[in-house]
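Residues per chain are reported as follows:
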Amino acid sequence: MKISYNWLKEYLQTNLSVDEMSSLLTGSGLEVESIEDFETIKGGLRGLVIGEVLEKTKHPGADRLSVTKVNVGTGEPLQIVCGAANVAAGQKVLVALTGAKLYPVFGDSFEIKKSKIRGEASEGMICAEDEVGLGQSHEGIMVLDSNAQVGLPAAKYFKIESDSIFEIGLTPNRADAASHMGVARDLCSVINTHAAYDKTAKYNKAEFVLPDVNNFNISKTNAAIDVSVEDSAACPRYSGITISGISVKESPAWLKNRLVSIGLKPINNVVDITNFVLFETGQPLHAFDTAAIKDKKIVVKKLNKETSFITLDGVERKLAGTELMICNSTEPMCIAGVYGGINSGVTEKTKEIFLESAHFNAADIRKAAKLHGLKTDASFRFERGTDPNGTVYALKRAALLIKEIAGGEVTSPLIDIYSTDIPSNKVFLNYHRFNVLSGLNLTYDVIKTILASCNMPVVEENAEGVLIAVPTYKVDVTREADVVEEILRTYGYEHIPIPQKVNVALSGFKTNSHHELQKKISGWLSANGFYEIFNNSLTKSAYTEKYNAENNNSSVKLLNPLSNDLNVMRQTLLFSSLESVQYNLNRKNEHIRFYEFGKTYSQEKNSYVETNSLSLTVSGIRNAENWHKQNQPFSFFYLKSVIENVLGQFGNIENHYLHFNPTDNGAYGLALEVSYNHKSIGIAGSIKKSILKNFDTDQELFYAELNIDSISRLFKNQPLKVKEIAKFPTVKRDLSMVIDKNTNYADIRNLAFQSEKKLLKGVNIFDVYEGKGIEEGKKSYALSFVLGDDEKTLEEKQIDGVMNKLIQTFETKIGAQIRK
């Protein structure tokens, strides 16, 4: 939230500097995240002054240039070469001195330097309005009023305003500080408390000043609007007046500057005033053109489901039946507290308005805003809770400003429908509990003084504590602990004494094995070139619905989603990983190695399932471009090797238990179920091109998702196996065979170990061939077999015996033809 320093000081009489104010705001819980300089004209016209052209002569080397002598109030006149046709002696002009930096309306900024133009010295620049950001015209130089004072800084002449803008990280509970008056009121309490009790404070007491609305008056009552509230629970208070005879036009400079300084775009004087009062008081207002109020009647109610309503942005929306609507006698005009309708707003043709100031139920506004994906300055405040007793003040304040700026007069009674008065909340503060909760030991008088400065007067008092009345604008103060927080914020957290010792209870719990394992796997992946990514557990249903249709799972839907893009819990890490890939590819990071630890969620029957998962994503080139190494693209076999190494972090794995079997999955072009000892632990493969296209990805992408919970259960309590290095040498023998095309390496490997369990130590495939010389439907494998005996050196006879047994097994079991 943006708060203007200059605007703030209209309600707070204090001598605090920007930095001092920032420090106090942050210390009181209104954290200042940044401070930005603001100027009504970029650059603030620094280095520009009012000058007078004393003489003008033709440039000797250029027909369209003039050489001028200009008095800028510094003694000697400056010689300036000027190309404007309208320059003339005797004019008062805007002069940019040497060193000034100009910010033109069109083009980049530039600095004025002493120079020679066609051989003639030029010591400045006589400016046109577009060259300094004062307008759009470039027809000639700006000719100022003849009474303009020579040498006067241009910033003073044009009344350029400089300001500092606080960017405050407003927490959801601080609805009372969602305005300039709210921040000023809070800051006033802090300043006065520090001035009274902080001996190091260098500032005096401040005074909070409210704009006066006593001049509000009703001229006539002939344009009254009939208002009825049918749902008083959703709208406890509704206030309004009619103002007639207004002239809708551009706002004055001071009003536009206030809005622009906090990032708002001025629209017209009436709308700008409602926005101004919103950011001044925190009370949203809405102005209706009375021409759109049919039968001069307003009804506050909820409409039937599927009712059509076109909002101000031109979008037709179907109502859910839960939104509170502001209607005329026949149709809706506004989603209450959220967004206006397309036909009831204020335009240049508007002559009479009905000004609304209401208090709506926070929950109703929040649901309506979320339902339609609308986030407005009004809904931001209504969702957090506005002051029910501030509607009339804001209404009067806006009415006075409209009369002053847009003309007109109040032509109806002040309507104020307040179904049931909302009283101040009463909270009892126990002195002893305050000291226990706060860590302070304040006297009773100090506590009561701070409460008074926070506008929380004491209603009753006894020896144990005080009963206080909490103002209705402090919607978050409902308990004793909240009152303690208010006192602490105001007194200053920095005054809480630091204890001289710290008591620590030693934990007897074992370390979290899951976290230790995750750390171990992360270490291996990061060491091998992978980058860890973190994504939101919330995703869009458009992803999961497609995934569900193919997996017969139900997605976990949010009852009150933040937006349609975050309305379900993710069932897979795939789509969030693809979003990360898309983000990186768009920034020319084309070689992807990502991993993510995250939870996935699904609904099965009547229960919810939460699973710890690990995603692995690779795409692009494995190695960086290098003069002595060819580019090698990622392949599924690289991903497979990574999976094997990840499993190795769980303990001793035996590769013959690890299988990759074809399966069906709509997201994959090639999908393989990863299983260990016949138990599924994940899925791996290449993602379909049609899906990659949706993420602006045209390069092949390999992806695996492992179920960490399943893997942990498989390897739970598995002891670490250690064996000494073999004392006797191993031997290697190769076999080349022609086999059926559908036979895979895993089948051959398993057969080999089944055939020879004692002496066979390893199997490796080093060549695969299909094509010329090989029968169709067949392929050639070249494999190496490592043999060894832990007790003695193998003899040739034993080696031949093992190899013959393997050959016989392959010929019998898979119909292999041994190539000799």
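For the structure itself, look to the data block above.
Definitions and cut-offs
- Residues numbered from 1 in each chain as written.
- Predicted model: local features only at pLDDT ≥ 70, side-chain atom pairs only at ≥ 80, totals over all residues.
- Heavy atoms only, no water.
- Helix = DSSP H or I, 4+ residues; strand = E, 2+ residues; numbered from the N terminus.
- Contact = heavy atoms within 4.5 Å.
- Patch = residues over 30% accessible without salt bridge, like charges linked within 9 Å, V, L, I, M, F, W, Y side chains within 5 Å.
- Areas by Shrake-Rupley, 256 points an atom, 1.4 Å probe, with all protein chains shown as cover.
- Salt bridge = Lys/Arg side-chain N within 4 Å of Asp/Glu carboxyl O.
- Core = buried A, V, L, I, M, F, W, Y, C linked by side-chain atoms within 4.5 Å.
- Buried < 20%, exposed > 50% of the residue type's maximum accessible area, 1.4 Å probe, protein only.
- Pairing = 2+ DSSP bridges.
- Axes fitted to C-alpha atoms, helices over the stretch in contact; angles between N-to-C directions.

Caption draft 1: Up close: the side chain of threonine 290. Within the element layout of this structure, threonine 290 appears in the loop between strand 18 (285-289) and strand 19 (297-302). Contact partners of threonine 290, with chain neighbours within four places excluded, come to Thr242, Lys296, Glu352, Ile353 and Phe354.

Caption draft 2: Main features of a nonpolar patch on the surface. Judged by side-chain polarity, Val502, Val504 and Leu506 come together as a nonpolar surface patch covering roughly 400 Å² of accessible area. Secondary-structure assignment places leucine 506 in the loop between helix 13 (480-491) and helix 14 (513-527).

Caption draft 3: Representation of the nonpolar core in the model. Counting 60 residues, the largest nonpolar core has Met21, Leu25, Ile243, Val270 and Ile402 as the members making the most contacts within it. Considering every element that reaches this core, the biggest residue donor is helix 10 (residues 391-406), with 9 residues. Residues contacting isoleucine 402, with those up to four places away along its chain left out, are Ile243, Ile246, Val270, Ile273, Ile353, Leu355 and Gly407.

Caption draft 4: A look at unusual backbone geometry. For lysine 159, which is not a glycine, the phi torsion comes out positive at approximately 55 degrees. Tracing the backbone shows lysine 159 in the loop between helix 4 (154-157) and strand 14 (162-168). Looking at lysine 159, the relative accessible area reads 71%, which means it is exposed. Positioned with a positive phi, aspartate 295 is a non-glycine residue whose angle comes to about 60 degrees. Note on placement: aspartate 295 falls in the loop between strand 18 and strand 19. Using a relative accessible area of 65% as the deciding quantity, one classes aspartate 295 as exposed.

Caption draft 5: Looking closely at the sheet that holds strand 37 (residues 668-676). Across the sheet, 7 strands lie side by side as 31-34-35-39-38-37-36; this open sheet has mixed pairing. Either end of the sheet is taken by a strand with one partner, and the two such strands are strand 31 (531-532) and strand 36 (658-662). As paired strands, strand 36 and strand 37 are joined by 5 bridges and run antiparallel to one another. From the neighbouring strand, leucine 658 faces strand 37, where its bridge partner is tyrosine 676. Most of the contacts of helix 14 go to strand 34 (residues 592-604), to which it runs at about 145 degrees, and overall it touches strand 31, strand 34 and strand 35 (607-619). The strands touched by helix 17 (residues 636-648) within the sheet are strand 34, strand 35, strand 36, strand 37, strand 38 (679-687) and strand 39 (701-707), with strand 39 carrying the most contacts at an inclination of about 25 degrees.

Caption draft 6: Focus on the pattern of salt bridges. Per the counting criterion, the structure on display carries 33 salt bridges. Between arginine 258 and glutamate 161 there is a salt bridge, and its shortest N-O distance comes to 2.8 Å. On the criterion of sequence distance, the pair formed by arginine 258 in helix 6 (residues 253-261) and glutamate 161 in the loop between helix 4 and strand 14 is long-range, its members being 97 residues apart. By relative accessible area, which is 9% here, arginine 258 ends up buried. The partner of arginine 237 in a salt bridge is aspartate 416, and the shortest N-O contact between them spans 2.6 Å. Here the residue arginine 237 occupies a position in strand 17 (residues 237-244), and aspartate 416 occupies one in strand 27 (residues 415-418), the gap between them amounting to 179 residues.

Keep in mind these values describe shape, not function.
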